[in-house]
Amino acid sequence: MRACLKVSETDHPIPEKIASLYTPQFFLLWIANFFAFMSLSVFFLFPLFIMDNGGSKSDIGIMMGAMMLSSVLFRPWVSQMVDTIGRKRSYFLGTLILIGMPLAHIPLKGDISGYYGMLVLLRILHGIGIGIGFTAAYTFISDIVPDSRLNEGLGIFGLNGLIGIAAGPAIAEPIIQTYGFTVFFITSSVMGLVSLILQFFLRETLQLKLNNERGPSFFAVLKRKKVLGIVMITLFFGMGMATQSSFVAPYVQHLGLPNISIYFLAYSGGAILTRVFGSRVADRLGEERIVPWAFALNSIGFLSMIAVTNNGLLILSGFITGTGHGFLFPCLNALAVRNEPAEIRGKISGIFTGSMDGGNLMGSVMMGYIGDWFGFKMIFIVTFLLLMTGLAAFMGFLKRVIL
């Protein structure tokens, strides 16, 4: 007899039309994931550590890409784990890594050439923890949210990431300026610790049941046409996220503007407003109508970065880009998990978030070399072109495959 996990029959005991979305479990997971996201988004300023210790733009791309590489390569195992040992145990393991990896950076001092290999290893291990934590979290929430309110639920849940993206750098920047990178790394670790403590109060959405049936493998799920279509379109979105997470901070520093974190605050502000006031739009109109507009906004926002000369334009650029993100992420996530059985949602969520990380990986390395060869502005031009290519692909043929 093989032990596997199956959805509890009590997960959605009330009819869909009156099903409650905002339950205590929803809010508890929301807060836990908010601190996990803050622990991650603090590292949006990690490129400053690299450059302060003798690194180049390509080094930034390699280091940030290494984290995404591990997240992608381990995703089949992570996705299977979430569907096997459960969401809660997987989330615990992910947050445990989020605590340990930032602290492991503290002994690294001086020029990065002296510990380059160790730094790459730490980024790889950090990426594994991120992959486990966020795959578990988004599978958790897809179990909790009623299907009739899927976009709304995923959108509102995603606010924890958007607020975390803003709060992490806003907290980290003055810490770096005042106390240095040691306290910076400790701050990231403490945020991971809070997330770990909160997950103890979550209720597992799967229950252990004995049976002999083996569900479809990760790669069997991946081969489905709909899933491959989601992968292709999400890769483009992930490439844009690489520019946001790896190159905005050093570019703003290069421009000599005094406050890096206002970009991330504006980015999150745009996305938050989108989620709060437009969270039900995609459930009514359909994701396929929203995705093209979201891609267009996201790409235009990145292109506008080449015109930034002051804080006002920086805020505007961040706001436009974040507005596109605010619609795009939950729509793609909903397309991925809608109407899928809960027994494979871990794999579906793993494939979706892994595609984001895969695009982030490719974008980080690619943009790093583009920045070294042609300068910062070309990074944003190429990001715009890649996102517009994703939009064209969706409108041309991927929409028919996905739907």
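The structure displayed is predicted, hence computed values, not measured ones.

A. Expanded view of the packing of aromatic side chains. Within the structure shown, the criterion is met by 28 aromatic pairs. Ring geometry for tyrosine 22 against phenylalanine 26: centres 5.4 Å apart, planes inclined by 90°, an arrangement best described as edge-to-face. Residue tyrosine 22 is classed as partly exposed on the basis of its relative accessible area, which comes to 33%. A relative accessible area of 0% means that phenylalanine 26 is categorised as buried. On the basis of an interplanar angle of 75° and a centroid distance of 5.5 Å, the ring pair of phenylalanine 49 and phenylalanine 185 is categorised as edge-to-face. With phenylalanine 49 in helix α2 (residues 46-52) and phenylalanine 185 in helix α9 (residues 181-199), this pair connects stretches of sequence that are 136 residues apart. When sorted by exposure, phenylalanine 49 lands in the same class as phenylalanine 185, which is buried.

B. A look at the pattern of salt bridges. Applying the stated rule across the entire model yields 4 salt bridges. Measuring nitrogen to oxygen at the nearest pair gives 3.2 Å for the salt bridge that ties lysine 347 to aspartate 83. One end of the pair, lysine 347, is in helix α17 (residues 345-374); the other, aspartate 83, is in helix α4 (residues 75-84), with 264 residues separating them in the sequence. Take lysine 347: its relative accessible area is 3%, and that puts it in the buried class. The salt bridge partner of arginine 87 is aspartate 143, with a shortest N-O separation of 2.7 Å. Of this pair, arginine 87 sits in helix α5 (residues 87-104) while aspartate 143 sits in helix α6 (residues 116-144); the two residues are 56 residues apart in sequence, bridging distant segments of the chain. We classify arginine 87 as buried; its relative accessible area is 0%. One salt-bridge network, held together by shared partners, links Asp83, Arg87, Asp143 and Lys347.

C. Just the nonpolar core, in detail. Counting 120 residues, the largest nonpolar core has Ile141, Phe184 and Phe295 as its most contacted members. Broken down by element, this core gets its largest block of residues, 12 residues, from α6. If near-sequence neighbours (up to four positions away) are discounted, phenylalanine 295 is found in contact with Ile233, Phe236, Phe237, Leu328, Leu387 and Leu391.

D. Molecular detail of the environment of threonine 274. By secondary structure assignment, the location of threonine 274 is in helix α13 (residues 261-278). One polar contact links the side chain of threonine 274 to the main-chain carbonyl oxygen of glycine 270, over a distance of 2.8 Å.

E. View of the packing of helix α1 (residues 24-41) against α9. Interhelical geometry of α1 versus α9 gives an angle of 160° and a closest axis separation of 7 Å. One finds that α1 runs roughly antiparallel with respect to α9. Pair α1 / α9 crosses with left-handed handedness. Counting all contacts with α1, which are made through Leu28, Ile31, Ala32, Phe35, Ala36, Met38 and Ser39, the residues of α9 involved are Ser188, Met191, Gly192, Val194, Ser195 and Leu198. Per-class residue counts for the contact of α1 with α9 are 9 nonpolar, 4 polar and no charged.

F. Looking closely at α13. Here α13 spans 25 Å end to end across 18 residues, near enough to the 26 Å set by a 1.5 Å rise per residue. Of the positions making up α13, those classed as buried are Ser261, Ile262, Tyr263, Phe264, Ala266, Tyr267, Ser268, Gly270, Ala271, Thr274, Arg275 and Gly278.

G. Layout of α1. Its 18 residues give α1 an end-to-end C-alpha distance of 25 Å, which sits within 8% of 26 Å, the value for a rise of 1.5 Å per residue. Counted residue by residue, α1 has 14 buried out of 18 residues, so it is predominantly covered.

H. Structural context of the environment of phenylalanine 376. Its location among the elements puts phenylalanine 376 in helix α18 (residues 376-402). Accessibility expressed as a relative area gives 8% for phenylalanine 376, which makes it buried. For the pair formed by phenylalanine 376 and phenylalanine 247, sequence separation is 129 residues and the distance between their alpha carbons is 7.9 Å. Every residue in contact with phenylalanine 376, bar those within four places of it in the chain, is listed here: Lys57, Phe247, Pro250, Tyr251, His254 and Gly371.

I. Structural context of the packing of α4 against α5. At a minimum axis distance of 7 Å, the contact between α4 and α5 shows a crossing angle of 135°. The orientation of α4 with respect to α5, classified from their angle, is oblique. Residues Met81, Val82 and Asp83 of α4 touch α5, and the partners they reach there are Arg87, Ser90 and Leu93. Here the residues of the contact of α4 with α5 are counted per class, giving 3 nonpolar, 1 polar and 2 charged.

J. Just a nonpolar patch on the surface, in detail. Where nonpolar side chains cluster on the molecular surface, the patch consists of Leu69, Leu73, Phe74, Trp77, Phe92, Leu93, Leu96, Leu193, Ile197, Phe200 and Phe201 and spans about 1000 Å² of accessible area. For the nonpolar patch, the secondary-structure elements that each account for two or more residues are α3 (57-73), α5 and α9. Among the elements that make up the nonpolar patch, the one with the highest residue count is α5 (3 residues). Within the secondary structure, phenylalanine 201 sits in the loop between α9 and β2 (206-211).

Rules behind the numbers
Residues numbered from 1 in each chain as written. Predicted model: local features only at pLDDT ≥ 70, side-chain atom pairs only at ≥ 80, totals over all residues. Heavy atoms only, no water. Phe/Tyr/Trp six-rings, centres within 6.5 Å; stacked < 30°, edge-to-face > 60°. Buried < 20%, exposed > 50% of the residue type's maximum accessible area, 1.4 Å probe, protein only. Helix = DSSP H or I, 4+ residues; strand = E, 2+ residues; numbered from the N terminus. Salt bridge = Lys/Arg side-chain N within 4 Å of Asp/Glu carboxyl O. Core = buried A, V, L, I, M, F, W, Y, C linked by side-chain atoms within 4.5 Å. Contact = heavy atoms within 4.5 Å. Polar contact = N/O pair within 3.5 Å; in protein donor to acceptor, adjacent residues only side chain to side chain. Axes fitted to C-alpha atoms, helices over the stretch in contact; angles between N-to-C directions. Parallel < 35°, antiparallel > 145°, perpendicular 65-115°, else oblique. Left-handed = near helix turned anticlockwise from the far one by under 90°. Nonpolar A, V, L, I, M, F, W, Y, C, P; charged D, E, K, R; others polar. Expected span 1.5 Å × (residues − 1). Patch = residues over 30% accessible without salt bridge, like charges linked within 9 Å, V, L, I, M, F, W, Y side chains within 5 Å. Areas by Shrake-Rupley, 256 points an atom, 1.4 Å probe, with all protein chains shown as cover.

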